[in-house]
Amino acid sequence: MLLNVKSFIFFIGLLLLMLDGYSQTNHQTGEVFVDDKGVMRWQHNQQEITGFGVNYSVPFAHAYRSARRLGINPKEAIDNDVYHFSRLGFDLYRLHVWDTQISDVEGNLIENEYLDTFDYLLQKLTENNINYVITPIAFWGDGWPEPNSETPGFSHQYGKDECLTNPDAIKAQQNYLTQFLNHVNPYKGVAYKNDPNVIAFEISNEPHHTSNAKDVAKFVAGMVKAIKRTKTNKPIFYNMSHGVHFADDYFKGGVQGGTFQWYPTGLGYQREIPGNLLPNVNDYNITFEESFKKNNGAKLVYEFDAADVHKSYIYPAMARSFRTAGIQIATHFAYDPTFLAYANTEYNTHYMNLVYTPQKALSLKICAEVFRSIPMYSEFGTYPENTSFGDFKVDYDADLAIYNSEEKFFYTNTNTQHPKDENKLKEIAGYGNSELITYQGTGAYFLDKLEDGLWRLELLPDAIVVDNPFGRNSLNKTVGVVNWETHAMRVNLKDLGSNFSIQAINESNDFKKNSENTLFKIRPGTYMLSNGSSTFNWNANDSFKTHQLNSFFAPETTVEKAWLKHEPIKTITENSMVDIVLQYVAPTAPKSIKLSGFSGGKRVQFEMSLTSAYQYKATIPANVLKEGFFEYNIIVENEGGRFVTYPSGTEGQPTDWDFYERKTYTSAIVKAAKPIYLFNAIEDALLLVAPWRKPFELLPTEHPNEAIYEINIDKLWIEDTENLNAQPIYDYSFKHFVIDKIKGIDNLSSRNRLIVKGKSLNNKPLKLQVALVMKDGSAFGEVLEMTPETGDYSIDLSELKPVKTVTLPRPYPTFLPFYFEHNNQSSFNIEHIESVQFSIGPEIKPHQLKEQHGVGIVHLRLE
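Note that the coordinates shown come from a computational prediction; the quantities given were computed from them, not determined experimentally.

With that out of the way, let us pick up the sheet that holds strand S25 (residues 512–514). Strands belonging to one sheet form pairs held by backbone hydrogen bonds; the direction of such a pair is parallel or antiparallel. In spatial order, the strands read S13-S14-S15-S16-S17-S19-S20-S27-S24-S25; together these ten strands make up an open sheet with mixed pairing. Unpaired on one side and paired on the other, strand S13 (388–389) and S25 mark the two borders of the sheet. Sheet topology places strand S19 (residues 445–451) next to strand S20 (residues 454–459); six bridges connect them, and they run antiparallel. Among the inter-strand pairings, Glu 451 is bridged to a residue of S20, identified as Leu 454. Contacting S13, strand S14 (392–395), strand S15 (400–404), strand S16 (408–411), strand S17 (427–430) and S19, helix H12 (residues 358–373) crosses the sheet at an angle of about 135° to S16.

Okay, here's the thing in C-alpha cells:
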C-alpha cells in the first residue's frame, strides 16, 4: 500500500516522537567516565551527562506492603507511575535499595519478590528512556512509617553505626556489594554492573562516619574494591554531605564523585510552611568545593525537596542553584505511588504525584528542562534578581514556575506570559489558564503537536487536597481526592484555528465533538484535536514517544462524600470589608452554600458564590462586622432540600429546633486601635520554626488562659558532627510566621510599636534581637535588654534597622549558609512582613557567648 506524501510525513513525525523519548532529547546510555575536570561524560561521544528525575520505592518497604494490603499489583502500579514519569520528562531515577530485605546477615543476596519487583521497575524505566543511579545499601529497616519487621539482612543485625565500624558488618557489606552488582536482571538479561542505563553507583545512603580520617578512607576503599571486583566501569560515588570534613578521605578511598541532598525547609514541620521561601533556595554553596577541584570529583544530588511546602514556584529555583553549584544530575525525594497518594503515608513531610499534586509535579517537569538547558556553574545573581534565568521564571506571589522556550511552554499556574514563538511550539504542559489554554479544572494537561493542524491532548482529573497532607497520616485517613468532572476548555492555538474536532482515543472514552470558537467542554482522557488539514488515517494504537497515542492513566473518582475545607480569619478590623473563602467538593454539586452567623447581636447571612472549581466566596460588607467575636456556620444545601452545617458536618440548620451541635467558626473583630498579637505562647508555641534543642517548656502563668514559652539554650554554638570544619556562629534564632495573624487587619501602618511580654531566664539579663522579616527576605530589628522580671519590652518601629536574616527553617545539609546573604535595598514596610525572627546572640559580649542563655515569651504584639 502506497502512502501519500502527507501520510508519510505524519508517519515519520510519529516515529521521531517515539525515538525522541518525550522531551528527553538525544537520550543516551552506555559507559560513563569522569573526566579530569570532574565532569561525567558518555564514553562513546564524550558528551556531558545531564539528568533529572525522582526517587520512588514501590518495590520495597511500606510502599510494597501497602500495595498488597490495598489489593494493588505492585507491577501494575509501576507501569502506571512510570508512564507519568515519561509525561513529566524525567530521564533519571534513583533509589536506596532496602538491602535489609534482599540480603542475609553475611551479605549474601536473596532473590525474592522485592528484588524481582525492583528488576521489573528497572526494565520499565529502560523502556521509557530513563537512566538510573543505584544506591545498593540503605542501612534502614523496612518499617518507616511503621515499626521495623524482622528482616534477614546485615543492616537489621548491626544497624548503621556498626555497619561503619564492625569488621563482620563491613565484610558482609563488601560481599553484598559484589553479589548485588553481579546480579543479572532477568527482565533485561544484563547484570547491574553492565547495565547501560546505570549512570553510577552510590555506595550507601547517608553514612555518618565519626571515626578518624584514616579509618574512613580505609572503609571507603574496601567498598570500592568490592564493587571493582565485579569489573564494572561505572563511576562510584559516596555521600559527602553527612561528614564534609572527610571529603578528601572519601576521595582517597577511590570514589569518583560525591553525592548531596537538600532540604531547604527542614523536615517534619507537620503542617504547611507559609511565606516566601525563595530566599531559602538562593544558592547551594558547597563550602568544600576545593576538595572536588583537587580530586576531579563529579557531583550529583540524590535527594531534595521543599518539605512541608505545597507550592509549585520553588523547585526550578532549587534546580537553578544546583546547576550553579556544578551539580550534573539530581533526583527529587520522593514521588508518591499513585495508589498511596490519597493518604501520603510513605513520607508525610513530602508530597509529590502528578495526579494528586499536579502543580508540584509540573514544577519538576520544568526542573528537568533546567538540567537539560542551563550550563553548570552559570551565575544568575542573588534573590530577587535570580527569579528569571534562561527561559525560566519563578514567582512566589503567583505560585508560578514557567518554562518558555521556542518549542516548549510549561507552567504551573495561571499566567499571562506570551509564548516565545507560537509558530514553533511543539509541546504545552500546564495547570490553570494561559494565553493559549483556558481550563477551569484542577488537573494537569499536556498538548503535543503531531503535525500541522493535529495535536494530542491529555487531560488528568481534578486534584483536591482535603486535609493536611503533612500531618500524622494513615491509610484510613484521606488527604487528597480525585474527581472526574466535565469542565470548559479553550484551546487558542493558531495552528488549530477557531473550529476543530475533538475525538477521544483512550480506552472506554467515546467523546467526540467540535469546538465552538476554540471552546468546548471535556472530561479527563486522551484526545486528538484536528482542524481537518491532516489527512493521515492515524490509529489510536500508533506509537507515541515511548507509549501509544491512546495511552492514559488516572485513578477513578475518589469523591465518595462531601469535603469542606475552611480556615477562619483569626483577627479582622471592625467595619472592614472581608472575603470569606472555602473549598467544597462532593459527589454532586451543592444547590447553595450560605454563611450564617452573628455579629453585633444580629444574625447575618450571605450567599457564597462559586469563583473557580470547588472554591466559594462570600464578601461581607464593611458595616457588618462589629467589635466582638464573629461566630458563624457554613450551611450547604443539597438537592432535595437536605442541609448540612459545618464545621461539625451535622445534618440540619442552626435554626432547626432540634439542631444540637453548637460548633462554630470564630474570628475576633477588633477596633482599629486594638493591639495585634503576632505571637501568643499558649496558641502558637508549637508553630515556632526553631532548630531542635532539648525540649523547651510551655508553662501557665498566674493569669487565666495565658502561658509563657521558655527557651533555654545551654550553648549558642554546638559543634556540627557532620561538618567539623564549620566556623562557630554564636546565634540561636527562631521564627514565627505571622501571615495569618495580619490577614484581616486593614491598618497595619498605623502601628508604631512592637512589644514583647516576657522575661530573661537563668536569673540574669538577656539581649534578645527581635526582627520583622519582609516578603523579600529582608529583616529589620532591634535588640531588647530583658530582665528576669516578666514585663513589657518595647521597640519603636521607627528605630528598626537592617539586620541579618537567618535561614529558617535550618536546611539540610548543615554546611549550607546560616544567613541569607542578599543585596536587597528595600526599606522597612510593615505591610510586607511575613514573619518575626527572634535571635539570641547579637550584641552579647564575647566573654558571655559560651554561657547559658534563655528567654521566656508570653506574647508579641503590635500597637
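And the narrative resumes.
One way to put it is that helix H3 (residues 74–87) packs onto helix H5 (residues 113–127) with a least axis distance of 10 Å and a crossing angle of 30°. Between H3 and H5, the crossing angle belongs to the class labelled roughly parallel. The chirality of how H3 crosses H5 is right-handed. Judged by residue contacts, Pro 74, Lys 75, Ile 78, Asp 79, Val 82 and Phe 85 of H3 engage Asp 116, Thr 117, Tyr 120, Leu 121, Lys 124 and Leu 125 from H5. For the contact of H3 with H5, the residue count by class is seven nonpolar, one polar and four charged.

Attention shifts here to the environment of Val 466. On the secondary structure map, Val 466 appears in the loop between strand S21 (462–465) and strand S22 (480–483). When its relative accessible area of 9% is taken as the criterion, Val 466 is described as buried. Linking Val 466 and Tyr 584, residues 118 residues apart in sequence, is a C-alpha distance of 8.8 Å.

The final tally for this structure, using the stated rule, is 51 aromatic pairs. On the basis of an interplanar angle of 85° and a centroid distance of 6.1 Å, the ring pair of Phe 260 and Tyr 284 is categorised as edge-to-face. Within this pair, whereas Phe 260 is found in strand S10 (residues 257–262), its partner Tyr 284 is found in the loop between S10 and helix H10 (289–295), the two being separated by 24 residues in sequence. A single burial state applies to Phe 260 and to Tyr 284, both of which are buried.

Looking at the chain, the pLDDT average stands at 95 and 97% of residues meet or exceed 70. Contacts of residues 1–24 to residues separated by more than four positions or lying in other chains number 52 contacts, the stretch itself having pLDDT below 50.

This next bit is on the nonpolar core. Formed by 142 residues in total, the largest nonpolar core has its most connected members in Tyr 93, Phe 118, Phe 180, Ile 203, Val 255 and Phe 304. Sorting elements by how many residues they give to this core places H12 first, with eight residues. Filtering out sequence-adjacent residues up to four positions away, Ile 203 remains in contact with Thr 135, Pro 136, Ile 137, Leu 177, Val 220, Met 223, Val 224, Ile 227, Ile 236, Phe 237, Tyr 238 and Val 255.

Following Tyr 383, the chain continues into Pro 384 via a peptide bond in cis, with omega recorded as 10°. Within the secondary structure, Pro 384 is located in the loop between H12 and S13. Residue Tyr 812 is joined to Pro 813 through a cis peptide bond whose omega torsion reads 0°. Of note in the backbone geometry, Lys 231 takes a positive phi value of approximately 70° without being a glycine. With respect to the helices and strands, the residue Lys 231 is situated in the loop between helix H8 (213–228) and strand S9 (236–239). Residue Lys 231 is classed as exposed on the basis of its relative accessible area, which comes to 68%. Unusually for a residue other than glycine, Asn 517 sits at a positive phi of about 55°. Structurally, Asn 517 can be placed in the loop between S25 and strand S26 (519–522).

This part is about the pattern of salt bridges. The tally for this structure, following the rule as stated, stands at 48 salt bridges. With a shortest N-O distance of 3.6 Å, Arg 323 and Glu 48 are connected by a salt bridge. Residue Arg 323 is located in helix H11 (residues 315–324), and its partner Glu 48 is located in the loop between strand S2 (40–42) and strand S3 (51–55); the two are separated by 275 residues in the primary sequence. Here Glu 48 falls in the partly exposed class, since its relative accessible area comes to 32%. Salt bridges sharing common partners tie together Arg 87, Asp 448, Arg 456, Glu 458 and Lys 545.

This part covers the sheet that holds S26. With antiparallel pairing, the three strands of this open sheet are ordered in space as S18-S23-S26. One side of each edge strand has no neighbouring strand; the edge strands of this open sheet are strand S18 (437–439) and S26. Averaged over all pairs of adjacent strands, the angle between strand axes in this sheet comes to 20°, irrespective of strand direction.

This part covers helix H6 (residues 154–163). For H6, every residue scored as buried is listed here: Phe 154, Ser 155, Tyr 158, Lys 160 and Cys 163. All buried residues of H6 project into a common sector of 155° when viewed along the axis, lining one side. Away from its buried face by more than 90 degrees, H6 exposes Gln 157 and Asp 161. Turning to H6, the residues buried within the fold contact helix H4 (99–102), helix H7 (167–182) and H8.

Calculation criteria
Residues numbered from 1 in each chain as written. Predicted model: local features only at pLDDT ≥ 70, side-chain atom pairs only at ≥ 80, totals over all residues. Heavy atoms only, no water. Pairing = 2+ DSSP bridges. Helix = DSSP H or I, 4+ residues; strand = E, 2+ residues; numbered from the N terminus. Contact = heavy atoms within 4.5 Å. Axes fitted to C-alpha atoms, helices over the stretch in contact; angles between N-to-C directions. Parallel < 35°, antiparallel > 145°, perpendicular 65-115°, else oblique. Left-handed = near helix turned anticlockwise from the far one by under 90°. Nonpolar A, V, L, I, M, F, W, Y, C, P; charged D, E, K, R; others polar. Buried < 20%, exposed > 50% of the residue type's maximum accessible area, 1.4 Å probe, protein only. Phe/Tyr/Trp six-rings, centres within 6.5 Å; stacked < 30°, edge-to-face > 60°. pLDDT = per-residue confidence, 0-100. Core = buried A, V, L, I, M, F, W, Y, C linked by side-chain atoms within 4.5 Å. Salt bridge = Lys/Arg side-chain N within 4 Å of Asp/Glu carboxyl O. Arc of directions from axis to C-beta.

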